Amino acid sequence: MELDEEIEGFRVVAESLKRLGVKYMFGVVGIPVVEIGVCAQQCGIQYIGMRNEQAACYAAQAMGYLTGWPAACLAVSGPGVLHCVAGLANAKENSWPMILIGGSSEVRQEGIGAFQEWPQIESVRLATKYCGRPGEVELIPRQLEKAVRYSVYGRPGPCYIDLPGDLLNTRVRTEDVFFPQIPPPPPKCLPEDAIIQAAVKELKLAKSPLIIIGKGAAYSRAEVELNELAVKMNIPVLPTPMGKGVIPDDSSLVVSAARSKVLEEADVVLLVGARVNWMLHFGTQPRWNQNVKLIQMDLYGEEFHNSVRSEHVLLGDIQATTRRMLQLWDGYRYPDNSEWWKSIKEKCKSNELSTKSLCEDLTTPLNYYAAFSQFVHSIPNNTIIVSEGANTMDIGRAFLKNSYPRHRLDAGSFGTMGVGLGFAIAAALYAKDYQPDSRVLCVQGDSAFGFSGMEIETIVRYKLPVIVVIINNSGIYSGLDQTVYSDIISDDDPGVASPPTCLLPGIQYQRMMEMVGGKGTVCRQPQEITDAVNEAFGNNEATIINVEIDPMAGRKAQKHEWLTKSKL
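If you're wondering where the values come from, they're calculated on a predicted model, not measured in any experiment. Within any chain, residue numbers begin from 1 and follow the written order of that chain's sequence. In view of the model being predicted, local features appear only for residues whose pLDDT reaches at least 70, and side-chain atom pairs are presented and counted only at 80 or more, with totals across whole chains, interfaces and linings using the full set of residues. The side-chain figures draw on all heavy atoms in the structure; neither hydrogens nor water molecules are used.

### Observations regarding a nonpolar patch on the surface
Phase 1: Together, V29, V34 and V38 line one region of the surface with nonpolar side chains, adding up to about 200 Å² of accessible area.
Phase 2: Helix numbers and strand numbers start at the N terminus; a helix is a DSSP run of H or I with at least 4 residues, a strand a run of E with at least 2. Take V29: it is sitting in the loop between β2 (24-27) and α2 (34-43).
Phase 3: Look at V29 and you get partly exposed, because its relative accessible area is 40%. A patch consists of residues exposed above 30% relative accessible area that lack any salt bridge, with like charges linked at up to 9 Å and nonpolar side chains (Val, Leu, Ile, Met, Phe, Trp, Tyr) linked at up to 5 Å. All accessible areas in this document rest on Shrake-Rupley with a 1.4 Å probe, and a residue is counted as covered only by the protein chains that are shown. Each reported salt bridge corresponds to a side-chain nitrogen of Lys or Arg within 4 Å of a carboxyl oxygen of Asp or Glu. Burial here depends on accessible area, computed with a 1.4 Å probe over protein chains only, as a share of the maximum for the residue type. Under 20% is buried, over 50% is exposed, and the range in between is partly exposed.

Shown next, in the form of structure tokens:
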């Protein structure tokens, strides 16, 4: 974009973001930020107009995770910025970079009831790494550079820049505006060799070692080094949900099918880019071995010794640290014929057999396992999978395999519902620009789909061939079939009679996609599911496949209840 002798604040915003390497902007325009969206496009930034600011915020952070560089989210003042707070919190909890650009009421009207006046800085501060509010146009580029740099340096996370409407419309001399250069990539640091060598020695002495790989390893682009290290060590690997694909799920080293066993019995655990939080049961009994020794490898020092004390801590960039560990590994290989490997393989086999009868039960309406088993083999290996819901996400984790890193996006550390379609939109744009042979498959429960269902219009408007599979049980956790639902509300007010978990049975979600010009299919029989998914991957069209399953279907019995209380 050619710059005139004078430049408005909104043009300074767009030009600064372009020079700072921001390639994508997601948002909902309105007063006072419409011109930012227009100028962003004129600068060559892709602007994606969403239906809700919250979904736009989810899309921006997913793009930050996938690319390693922040995308922008654009929101109007007051309610628009507030709609983004849930998204900011999710980005912060997942440690994903993004920049929120928020319009705000005019400074000259502050305190007297300006349009959509709200203390936005205070409202977003807890959910961000950095908040800035430039006092003059000339400071906008410096504040944006700081926000971009803060979002990726140290622990990645979201940043916010607040821009009053009168500032955006102020004209200044172009020569008075200094546009900073794009920040260099974050510097990489390494632990001392002696610390790495001590960790290596601990792993070699282990009788039942385990490697746990989290999404921090995926974000660090450490997949090549970690694959080489895992193969050389021959140690079982357990990925966290978004750590899936760093080591391909079909690798013989991946032992997800024996998750409870390996956590309970491992005596030394190398924890790579994963947190000892609720997702890993705080590292304590009954889910973990009481005497386990933890080796933590992470970029964020504040994660060390969380909940339980670690034996060794490797503070540094995960890719660089793994590479150095490879160099210091002396060739020792954990034996295939060990009792540890034998017992894990037996447990994996028995657990897989325990779900076989559920998969083979084709009684309609189908259960979750039978529904998933009809289409998992139709999914190409390079598919980016977005998964969201309660049982849908948990059960799907075992069925939906990942062969590549950063090819699974789900509710994450914050357990956020409603991320699905925002994530899918970002993933589809990423695939178009960086992996044109990949497709995006978004598998959601019907409740999860409802959070941001109108984003299907965004998907069609931007020609994104996302495939949405809705596992429809007419409820949250469980629902009711049409007959039972009709009976219980026939003589009583639905607000009293309808269970809190129940949604309206039989909703034809596929018609929503038809409404906006995409492809919609409803499936009730096993072969219908297989055929619909095969057809969807065979064309280049946005699709909803509405899979109606048994409303009372659930998970198979678990050894430990979800969120089992730990003995602290």
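That covers the picture; the talk isn't over yet.
### Looking at the packing of aromatic side chains
In this description, an aromatic ring pair is defined by two values, namely the gap between the centres and the angle between the planes.
Phase 1: Stacked, edge-to-face and tilted are the three classes for Phe, Tyr and Trp ring pairs, Trp counted by its six-membered ring, which pair at centre distances within 6.5 Å; planes under 30 degrees apart are stacked, over 60 edge-to-face, the rest tilted. A full pass over the atoms with the stated rule returns 10 aromatic pairs.
Phase 2: Taking the centre distance of 6.3 Å and the plane angle of 80 degrees together, the rings of Y58 and F423 count as edge-to-face. Here Y58, found in helix α3 (residues 53-67), pairs with F423, found in helix α17 (residues 420-434); they are 365 residues apart in sequence, far enough to count as distant.
Phase 3: Just above the ring of F179 sits the side chain of R19; from NZ or CZ to the centre is 4.4 Å.
Phase 4: Criterion for a charge above a ring: Arg CZ or Lys NZ at most 6 Å from the ring centre, at most 35 degrees from the ring normal. When the ring centre of W341 is taken as reference, the NZ or CZ atom of K345 above it lies at 5.3 Å.

### Observations concerning the side chain of Q319
Phase 1: As for its placement among the helices and strands, Q319 is situated in helix α13 (residues 318-328).
Phase 2: Not counting the four nearest positions on each side in its chain, Q319 is found in contact with K188, S220, R221, A222 and E225. By the convention used here, residues are in contact when the closest approach between their heavy atoms is within 4.5 Å.

### As for the packing of helix α1 (residues 9-19) against α2
Phase 1: Here α1 crosses α2 at 40 degrees, and the two axes come no closer than 8 Å. Viewed along their axes, α1 and α2 adopt a mutual orientation that is oblique. Regarding α1 and α2, the two cross each other, and that crossing is right-handed. Contacts between α1 and α2 involve F10, R11, V13, A14, E15 and K18 from the first element and E35, I36, C39, A40, Q42 and C43 from the second.
Phase 2: For the contact of α1 with α2, the class distribution of residues is 7 nonpolar, 1 polar and 4 charged. Axis lines are fitted through C-alpha atoms, for helices just across the contact stretch, and the angle between N-to-C directions can take any value from 0 to 180 degrees. What sets the label is the angle itself: under 35 degrees gives roughly parallel, over 145 gives roughly antiparallel, 65 to 115 gives roughly perpendicular, and the rest give oblique. Two helices that cross are described as forming a left-handed crossing if the nearer one is turned anticlockwise from the farther one by less than a right angle, and a right-handed crossing if clockwise. Amino acids are sorted into nonpolar (Ala, Val, Leu, Ile, Met, Phe, Trp, Tyr, Cys and Pro), charged (Asp, Glu, Lys and Arg) and polar (every other residue, Gly among them).

### Brief notes about α1
Phase 1: For α1, the buried fraction is high: 8 of the 11 residues fall into the buried class.
Phase 2: Residues G9, F10, V12, V13, A14, E15, S16 and L17 constitute the buried set of α1.
Phase 3: Positive phi appears at G21, one or two residues downstream of α1, with a value of about 85 degrees.

### Some remarks on the environment of G27
Phase 1: Note on placement: G27 falls in strand β2.
Phase 2: Look at G27 and you get buried, because its relative accessible area is 0%.
Phase 3: Each C-alpha atom, one on G27 and one on A56, is 5.2 Å from the other, the two residues being 29 residues apart in sequence.
Phase 4: With residues up to four places along the chain from it excluded, the contact list for G27 reads Y47, I48, G49, M50, A56 and L74.

### Brief notes about the pairing of strand β9 (residues 209-213)
Phase 1: Burial analysis of β9 places 5 of its 5 residues in the buried class, the great majority of the element.
Phase 2: Inspection of the sheet shows β9 paired to strand β11 (residues 268-272) by 5 bridges, in the parallel sense. Each residue of the ladder has a partner; that of P209, found in β11, is V268. In this description, strands pair whenever DSSP reports at least two bridges between them.

### Details of the sheet that holds β9
Phase 1: Taken together, the 5 strands give an open sheet; going across it, the order is β10-β9-β11-β12-β13, and neighbouring strands pair in parallel fashion. What marks the edges here is a single partner per strand, and that holds for β10 (237-239) and β13 (312-315). Strand-to-strand twist across the sheet, computed as the mean angle between neighbouring axes with direction ignored, equals 15 degrees.
Phase 2: By the bridge criterion, 4 bridges tie strand β12 (residues 293-298) to β13 in an arrangement that is parallel. Directly across from M297, in β13, lies its bridge partner L314.
Phase 3: Against the sheet, α13 engages β11, β12 and β13, with an angle of about 125 degrees to β12.

### Let's talk about the pairing of strand β16 (residues 440-445)
Where a strand is regular, its side chains alternate between the two sheet faces.
Phase 1: In terms of burial, β16 is largely enclosed, as 6 of its 6 residues are buried.
Phase 2: Side-chain alternation along β16 places V440, C442 and Q444 on one buried face and L441, V443 and G445 on a second face that is also buried.
Phase 3: Two elements, strand β14 (residues 384-388) and β16, share 5 bridges in a ladder whose sense is parallel. Considered in β16, the bridge of I384 is made with V440.
Phase 4: Examined bridge by bridge, β16 and strand β17 (residues 467-472) share 5 bridges and lie parallel to one another. Looking across to β17, one finds that C442 is bridged to V468.

### Things to note about the pattern of salt bridges
Phase 1: Here the structure, examined in full by the defined rule, presents 29 salt bridges.
Phase 2: Here E8 makes a salt bridge to R11, at a shortest N to O gap of 3.0 Å.
Phase 3: A salt bridge links E535 to K519, with the shortest nitrogen-to-oxygen separation between them at 3.7 Å. With E535 in helix α23 (residues 526-538) and K519 in strand β20 (residues 519-523), this residue pair connects regions lying 16 residues apart in the sequence.
Phase 4: The partly exposed category is assigned to E535, whose relative accessible area is 42%.

### A closer look at the nonpolar core
Phase 1: By nonpolar core we mean a set of buried residues, namely Ala, Val, Leu, Ile, Met, Phe, Trp, Tyr and Cys, connected to one another through side-chain atoms within 4.5 Å. Counting 149 residues, the largest nonpolar core has F26, I36, I101, I212, M325 and L409 as the members making the most contacts within it.
Phase 2: In contact with L409, other than residues within four places in its own chain, are A62, Y65, L66, W96, M242, I385, V386, S387, F423 and A427.
Phase 3: By size, the runner-up hydrophobic cluster in this structure holds 29 residues, among which are Y368, I379, A532 and A553.

### Section: unusual backbone geometry
Phase 1: Here Q285 and P286 are connected by a cis peptide whose omega angle stands at 5 degrees.
Phase 2: Mapped onto the elements, P286 comes out in the loop between β11 and β12.
Phase 3: Cis peptide bonds are those with omega within 30 degrees of zero, and the linkage from T364 to P365 qualifies with 0 degrees.
Phase 4: Structurally, P365 is set in the loop between α14 (339-360) and α15 (368-373).
Phase 5: Of note, S95 is a non-glycine position whose phi angle comes to about 60 degrees, a positive value.
Phase 6: On the basis of relative accessible area, S95 is assigned to the buried category, the value being 5%.
Phase 7: For H305, which is not glycine, the phi torsion reads 65 degrees and is therefore positive.
Phase 8: Tracing the backbone shows H305 in the loop between β12 and β13.
Phase 9: In this structure H305 comes out as partly exposed when scored by relative accessible area, which is 36%.

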